[in-house]
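Commentary on secondary and tertiary structure
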Amino acid sequence: MPKLTKSERYPVRFTLNGRPVEAWAEPRTLLTDVLRHGLGSTGTHVGCEHGVCGACTVEIDGEPARACLVLAGQVDGQAVRTVEGLEPEAGRLSVLQDAFRRHHGLQCGFCTPGILMTLDCLFRARPDADEAEIRDHLSGHLCRCTGYAPIMRAALDARDRFNQARREETHA
Amino acid sequence: MTAIPPSGGWTGRPVPRVEDAALLTGRGRYVDDLPIAPGTLHAAVLRSPHAHAMIRRVDTSAALALPGVACVLTADEVRRLSRAMTVGVKADVEAWPIAVDRVRYVGEPVAVVVAADRYVAEDAIDLIEVGYDILPVVVDPRTAAEPDAPTLHPSLGSNVINERLFRYGEPDAAFEASSRRVAVTVSYPRNSGTPIETYGVIASYDPGEDAYDVTANFQGPFSIHAVVARALNVPGNRMRLRTPPDSGGSFGIKQGVFPYMILMALAARLADRPVKWIEDRLEHLSASVSATNRVTTLEAAVEADGRVTALRWDQLEDCGAHLRAPEPATLYRMHGNMTGAYAIRHVAIRNRIVLTNKTPTGLNRGFGGPQMYFALERLMQRIAIELGLDPLDVIRRNLVPAGSFPYRTATGALLDSGDYQAALTRAIDQGGLAGLIETRRAARAEGRLYGIGYTAAVEPSVSNMGYITAVLSPAARRKAGPKNGAQATATIAIDPLGAVSVKVASVPQGQGHRTVLAQVVADALGLEPGAIRVLADVDTARDAWSIASGNYSSRFAPAVAGATKLAADRIAEKLKRVAAGQLNVAAGEVDLANGRAQARGNPENAVSFARVAAAAHWAPGTLPDGVDQTIRETVFWTPEQLIAPDDEDAVNSSLCHGFIFDFCSVEVDRLTGAVRIDKYVTMHDCGRILHPGMVAGQVTGGFAHAVGAALLEEYAYGPDGSFLSGTLADYLIPTVMEVAEPVILHYESPSPFTPLGAKGVGEGNCMSTPVCLANAVADACDFDDVTLPLVPAHLADRLAAEEKPSRETPTRTAVPAKPGERKLTGEGSALVAAPRQAVWDMLLDPKTLEAVIPGAHGVRKVSSTRFLADVTLGVGPVKGRYRAEIELSDLDEPGAVTLSGGTDGALGFGRGSGRITLAETAPDRTTVHYAYEAVIGGKVASVGGRLLDGAARVVIGQFFKSLAAHAGGGKGNGSGLLARLRRLLGRGA
């Protein structure tokens, strides 16, 4: 990476949900600000800006990350996925999203995008994650509405449906 | 429109939420997502680092000179352009949204910078120089109420801003006649619902019309609109307030955004451009709004069987630095319910409201209930213990008798419906209390700390807008005119194609209002819920609304859904009369069902809903006599039971009263003090349930808040008023690891006072659960008194102390600081390869100091004993510039000197002193010994508290290491890597 000068703006190029994007950012600009206000992907929410609440969780090169603790320049050349990339097609919810709807796994929905990204990353890496492992991953997210029980139910149900679909695919 | 409605209709069924698809796919429209006008500027707020100080000067010149800065709003402009905010009591005091002349809490706004973007605005904040003269601080409400306490508002002459005495029945006689008296004194802590989305405001001003346009994630009540319009000095119709379609949680807290609505409106006026402000988390935790903390002494007159004949309340309510609307409502919200779920006829109440150097308080889920039930239900447990009775029997004997509803409580509430005994019995049976009692027996036999707690509570909902006037004397109320009621409104509109829209002013934050209203209207009009579109956000310029609009006091299901039902019924009646003509039957014979209007008993004789509904648009001449139109119906509904407080101070503070009976079992780890919730059972009678999934969501969500309040959460303040909970790593919110899933049971007694029979259910567990858990911990540990939050460290200390009463204080590696105190102490020594006099000279030489003080830019010697320095230091996540003043005293050349001084910067302040002694331990070898004591406050204390000790040790270690190096080699004792690590770990040098 070239030496950056404070208060200069630099282009940052990366893929966002599979599409190449470019945004201009100062060295200190946060990824959350570039995503939300530079690129209009307002699905990633900012709850604390110090990495505790988890609302801003996105996927960077396959790993979950707190977008509020990432400088925009750091994702240059990388692949970023956000909640906007979870829908298989506009108007159709993914298995995970649908499980959240059926189990009332959200109320105000502000923490939800981060939770969905963490679980999406988890289930792709560890499709058989057990309840303790799911709980462990969810413990990095703060939700003030649901009391978490419906989120756990949605997560377990989504995992089972993923795996059922996988098994059906293998047997087909 | 072919879906057949389930028998009994859509209402009451767990249909999927219409809100979810957008929220799950990143298409929510929260305040920070909304489109803004091109050229909109961004605001940042400079806040006070001090809890109490006079503002000597505010110098904004450097900030204004920064490129990108448009303007800086200070108290001068605020006073010039607006008026003080209305205060809810008669008192000689002004409340402003910005500090005027003095700051009274850490985080109080001092200036607002408006700039091209938020980053520049925050840069400019750091360039504003404020001179403060620090004043004595008062944090504890009891201290604040004492006559010689430092006074926050000199015009008041005291910190007690309001006091009232109440008497219902014959409390003195009842106490006289009683065989026993039992009393508790409890302190309920400060906490907050802390929504994950912070405050946000977008404001603009049109000078041509002298009109403000504000969008804010405000939650209501819209009585606050009047406060804002008055403060901005415009009629209400020139203060347009809009709320975003989605809001990221509120729990009462977003009522408190209103002072920022005023500030940003004024900032937009000053900048002559739209201004946007999104609060950050530190601002939210330190300075948005919190629940009140309260000290309560409650005494009961008790019969031998545990029956309570009278209560005597003494409540000291801490509302923080300013009494902001609608406070002191937290204290009066429960006024009709001061006897809880019990039939107690004699009550005396002394209510005092006190101001302290803490953040002003406001709405918070439970709103007065948690504080009040903590005292009452702790008392019921103490009565049982002191009289040797089963706590459950004490509760049972005092419950309001079945069959006596509607029941007027001693203090004036009209309890609408219920059968508390039957609900309690069902809870005990279905919740498995017998099993828990057996588990407790077995656990105790093994020496484990296992306990059971109980709570009975009445959950009020739909606040009477007049209850707050109970803070005034009856004479003052008569003078001011009666205030009462709770207007709810709903509008139903039908478009030219027959599609139905619903508009309410309920401002949900995720409660699913749109889904439930679609169900209610679908049932009334014979449609399916998917055919109905609902809007629940508010635009005061276009929508129907009133002062009670908004989302608070759990008013949605009883009041808003009820008003919607009335509007839907009204339009349905008209549509039936229109259809009657088309079907050639009497209007009374028309049913609206399955998307059609049809003749009862002959469904073949039918016409589509759209055709009936569209007639008013396309062929108004065909409408029957008496049907004016079917295009739009707006209903306002206020319950007749919500009358103004009477001359005897009887207050029907709320319309509906759900019943809650909770019991739970906990196990406390004797060693760590950790509380594990083994089982929690919560029985609710919330009247008719409109949507089971959403009721469950309210109960589990409220329960999670209560678990936080009971076990983890407290807005902590240091003795100097420093705010110490500035991150979500300091203010701990429960995660999935801490929240057990409660067993939820229901007993349905529909409310006779609401159109749908529903009562509120959103706040009950915030009232019942903290004290239920406290009672269980008291039972487990055999404690007489319990203070929240029950953090493991406090419990472990108490258990250790009680277990070994003979032992002195437990051995610890560090001196235990007082809770919340941010005092740093340390000492160490370094060996410098120079004679003593040379080291002495170096210590007093600005050039040497500049070279050796970590982060120093410029050290200037002002006099022989005074230095000034600019220092850049990073502590944890916070790097900042500080101006330091250093004073030398007690000089004993070349042997010893005391350095004392203070630093001030955008990130906080510090004061401290250190004694340095120099000893020539060998020729040309000097041992420098230092001992220091420092107090740190401001932002750095709020967010870096956990890191300060270690950081201070490192910085001071660096100083002496550099001094040693500067003196030409030599080695600081303990400057090696291992020693530094030791210092980092807090083991001292």
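These figures come from a predicted structure and were not determined experimentally.

What counts, and at which threshold
Residues numbered from 1 in each chain as written. Chains lettered and ligands numbered in written order. Predicted model: local features only at pLDDT ≥ 70, side-chain atom pairs only at ≥ 80, totals over all residues. Heavy atoms only, no water. Salt bridge = Lys/Arg side-chain N within 4 Å of Asp/Glu carboxyl O. Helix = DSSP H or I, 4+ residues; strand = E, 2+ residues; numbered from the N terminus. Buried < 20%, exposed > 50% of the residue type's maximum accessible area, 1.4 Å probe, protein only. Pairing = 2+ DSSP bridges. Axes fitted to C-alpha atoms, helices over the stretch in contact; angles between N-to-C directions. Contact = heavy atoms within 4.5 Å. pLDDT = per-residue confidence, 0-100. Phe/Tyr/Trp six-rings, centres within 6.5 Å; stacked < 30°, edge-to-face > 60°. Arc of directions from axis to C-beta. Polar contact = N/O pair within 3.5 Å; in protein donor to acceptor, adjacent residues only side chain to side chain. Left-handed = near helix turned anticlockwise from the far one by under 90°. Nonpolar A, V, L, I, M, F, W, Y, C, P; charged D, E, K, R; others polar. Buried area = accessible area lost by both parts, 1.4 Å probe. Domains from an automatic or database assignment. Expected span 1.5 Å × (residues − 1).

**Some details on the pattern of salt bridges**
- Using the criterion set out here, one finds 70 salt bridges over all chains in the structure.
- Among the salt bridges present, the one from B:Glu713 reaches A:Arg144, with a minimum N-O distance of 2.9 Å. A residue pair is termed interchain when its members come from two chains, as with B:Glu713 in the loop between helix H19 (692-711) and strand S28 (743-746) and A:Arg144 in the loop between helix H4 (131-138) and helix H5 (149-171).
- In this structure, B:Glu667 engages B:Arg676 in a salt bridge whose closest nitrogen and oxygen atoms are separated by 3.0 Å.
- We classify B:Glu667 as buried; its relative accessible area is 15%.
- Among the ionic contacts, a cluster of salt bridges with common partners joins B:Arg47, B:Arg118, B:Glu122, B:Asp280 and B:Glu283.

**Section: the sheet that holds S28(B)**
Residue and element names in this part refer to chain B.
- Across the sheet, which stays open at both edges, the four strands sit in the order S18-S26-S27-S28 with mixed pairing between neighbours. The open sheet has two edge strands, strand S18 (449-463) and S28, and neither has a second partner. Each strand of the sheet is rotated relative to its neighbour by a mean of 20°, with strand direction disregarded.
- Where S18 lies against strand S26 (residues 654-668), 14 bridges are found, and the strand directions are antiparallel. Counted as the bridge partner of Ser 461 is Cys 656 from S26.
- Relative to S18, helix H14 (residues 433-445) is tilted by about 145°, and along the sheet it contacts S18, S26 and strand S27 (675-685).

**Re the confidence of the model for chain B**
Residues and elements named next belong to chain B.
- Taken over all residues, the pLDDT of chain B has a mean of 92, while the share at 70 or more is 94%.
- Note on residues 806-821: pLDDT under 50 across the span, and seven contacts to partners over four residues away in sequence or across chains.
- Counting contacts from residues 970-983, a segment whose pLDDT is below 50, to residues more than four positions away or on other chains yields 24 contacts.
- Across the assembled chains, the prediction reports ipTM 0.98 with pTM 0.92.

**Some remarks on unusual backbone geometry**
Residues and elements named next belong to chain B.
- For the bond from Glu 327 to Pro 328, the omega torsion is 10°, close enough to zero to count as cis.
- Residue placement: Pro 328 occurs in the loop between strand S14 (308-318) and helix H10 (329-332).
- In this model, Leu 788 is joined to Pro 789 through a cis peptide bond whose omega is -10°.
- Locating Pro 789 in the fold gives a position in the loop between helix H20 (764-781) and helix H21 (792-803).
- Of note in the backbone geometry, Asp 782 takes a positive phi value of approximately 60° without being a glycine.
- Take Asp 782: it is sitting in the loop between H20 and H21.
- The exposure class of Asp 782 is exposed, given its relative accessible area of 65%.

**Re the sheet that holds strand S4 (residues 63-66) of chain A**
Residue and element names in this part refer to chain A.
- On the basis of which strands lie adjacent, the open sheet formed by five strands has the order S2-S1-S5-S3-S4 and mixed pairing. In this open sheet, the two strands that pair with only one neighbour each are strand S2 (19-25) and S4. Strand-to-strand twist in this sheet, taken as the mean axis angle between neighbours without regard to direction, amounts to 40°.
- Note: strand S3 (residues 57-60) against strand S5 (residues 79-81), two bridges, orientation antiparallel. From the neighbouring strand, Ile 60 faces S5, where its bridge partner is Val 80.

**Some points on the pairing of S2(A)**
Residues and elements named next belong to chain A.
- Bridge analysis of strand S1 (residues 10-16) against S2 gives seven bridges, and the strand direction is antiparallel. Directly across from Leu 16, in S2, lies its bridge partner Arg 19.
- From the end of S1 to the start of S2, which pair antiparallel, there are two residues, and Asn 17 there has a positive phi angle of about 50°.

**Let's talk about the packing of aromatic side chains**
All names here are of chain B.
- Counted according to the given criterion, the structure contains 18 aromatic pairs over all chains.
- Ring centres of Tyr 188 and Phe 374 lie 5.7 Å apart, and the angle between their planes is 70°; on these two criteria the pair is classed as edge-to-face. In this pair, Tyr 188 is assigned in strand S8 (residues 180-188) and Phe 374 in helix H11 (residues 369-387), connecting sequence segments 186 residues apart. Each of the two residues, Tyr 188 as well as Phe 374, counts as buried.
- Geometrically, the ring pair formed by Tyr 205 and Tyr 212 is tilted, given 4.6 Å between the ring centres and 40° between the ring planes.

**Remarks on helix H12 (residues 391-398) of chain B**
Residues and elements named next belong to chain B.
- Taken together, the buried positions of H12 are occupied by Leu 392, Val 394, Ile 395 and Asn 398. An end-on view of H12 places all buried positions within 160° of arc, on one side of the element.
- At its buried positions, H12 is contacted by S14, H11, helix H13 (420-431), H14, S18 and S26.
- Looking at where H12 begins, the residue whose side-chain oxygen comes 2.9 Å from the main-chain nitrogen of Leu 392 is Asp 390.

**Considering the packing of H11(B) against H20(B)**
Residue and element names in this part refer to chain B.
- Contact geometry of H11 with H20 gives a least axis separation of 8 Å together with a crossing angle of 35°. Between H11 and H20 the crossing geometry is right-handed. Facing H11, whose interface residues are Gly 369, Pro 370, Tyr 373, Phe 374, Glu 377, Arg 378 and Gln 381, H20 presents Cys 766, Met 767, Pro 770, Val 771, Ala 774, Asn 775, Ala 778 and Asp 779.
- The residue makeup of the contact of H11 with H20, split by class, is nine nonpolar, three polar and three charged.

**Structural notes on the interface of chain A and chain B**
- Every contact between the two is made by 46 residues of chain A and, on the other side, 52 residues of chain B.
- Between chain A and chain B the total buried area reaches about 4,000 Å² when both faces are included, carbon and sulfur atoms providing 58% of it.
- A per-residue breakdown of the area chain A buries against chain B is headed by A:His104, A:Gln107 and A:Arg144, which together make up 21% of the total.
- For the pair chain A and chain B, the interface holds six salt bridges.
- The salt bridge involving B:Asp123 is made with A:Arg28; its shortest N-O contact spans 2.7 Å.

**Side note on the domain arrangement of chain B**
All names here are of chain B.
- Taken as a whole, chain B is organised into domain 1 (34-135 + 193-287), domain 2 (144-191 + 290-469 + 643-791), domain 3 (487-637) and domain 4 (823-984).
- Placing the centre of domain 2 and that of domain 4 at their C-alpha centroids yields a distance of 51 Å.
- Listed by partner, the interface residues are nine residues for domain 2 and nine residues for domain 4.
- The contact between domain 2 and domain 4 buries some 550 Å² in all, and 43% of this surface belongs to carbon and sulfur atoms.
- Among the residues of domain 2 in contact with domain 4, Asp 720, Ser 722 and Asp 730 are the three that bury the most area, contributing 47% of the side total.
- Summed over the shared surface of domain 2 and domain 4, the number is two residue pairs in polar contact (both at pLDDT 80 or more).
- Residues that form the side of domain 2 that touches domain 4 fall into these classes: three nonpolar, four polar and two charged.

**Some remarks on the pairing of strand S13 (residues 293-302) of chain B**
Residues and elements named next belong to chain B.
- Of all ten residues making up S13, nine are buried, and the element is well covered by its neighbours.
- Two strands pair when backbone bridges link them, and S8 and S13 are joined in this way by nine bridges, in the antiparallel orientation. Paired with Val 186 across the strands is Thr 296, a residue of S13.
- Looking at chain direction, S13 and S14 are connected through ten bridges and run antiparallel. Note that in S14 the partner of Glu 299 across the bridge is Arg 312.
- Connecting S13 to the next strand, S14, in antiparallel fashion are five residues, including Gly 306 with a positive phi near 95°.

**Some remarks on H19(B)**
- Its 20 residues place the ends of H19(B) 28 Å apart at the C-alpha level, agreeing with the 28 Å of an ideal helix rising 1.5 Å per residue.
- Extensive coverage of H19(B) is indicated by the burial of 18 of its 20 residues.

**Some points on the side chain of B:Gln381**
All names here are of chain B.
- By the secondary structure assignment, Gln 381 is in helix H11.
- Within the structure, Gln 381 has its side chain in polar contact with the side chain of Arg 378 (distance 2.3 Å).
- Looking at Gln 381, its side chain comes within polar contact range of the main-chain oxygen of Asn 775, at 2.9 Å.

**A word on the packing of helix H3 (residues 112-125) of chain A against H5(A)**
All names here are of chain A.
- Running from N to C, H3 and H5 cross one another at 35°; their axes reach a closest spacing of 11 Å. For H3 against H5, the interelement crossing comes out right-handed. Packed against H3, whose contacting residues are Ile 115, Leu 119 and Phe 123, the element H5 presents Ile 151, Ala 155, Ala 158, Arg 159 and Phe 162 at the interface.

**Overview of the domain arrangement of chain A**
All names here are of chain A.
- Partitioning chain A into structural domains gives domain 1 (10-85) and domain 2 (95-171).
- The partner domain 2 presents 15 residues to the 18 residues of domain 1 that form the contact.
- Viewed at the interface, domain 2 and domain 1 are joined by two salt bridges.
- Between Arg 81 and Asp 120 there is a salt bridge whose closest N-O contact spans 2.8 Å.
- Connecting domain 1 to domain 2 are six residue pairs in polar contact (both at pLDDT 80 or more).
- Among the secondary structure elements, those contributing two or more residues to the side of domain 1 that touches domain 2 are S3 and S4.
- Its residues assigned to classes, the side of domain 1 that touches domain 2 comprises seven nonpolar, seven polar and four charged.

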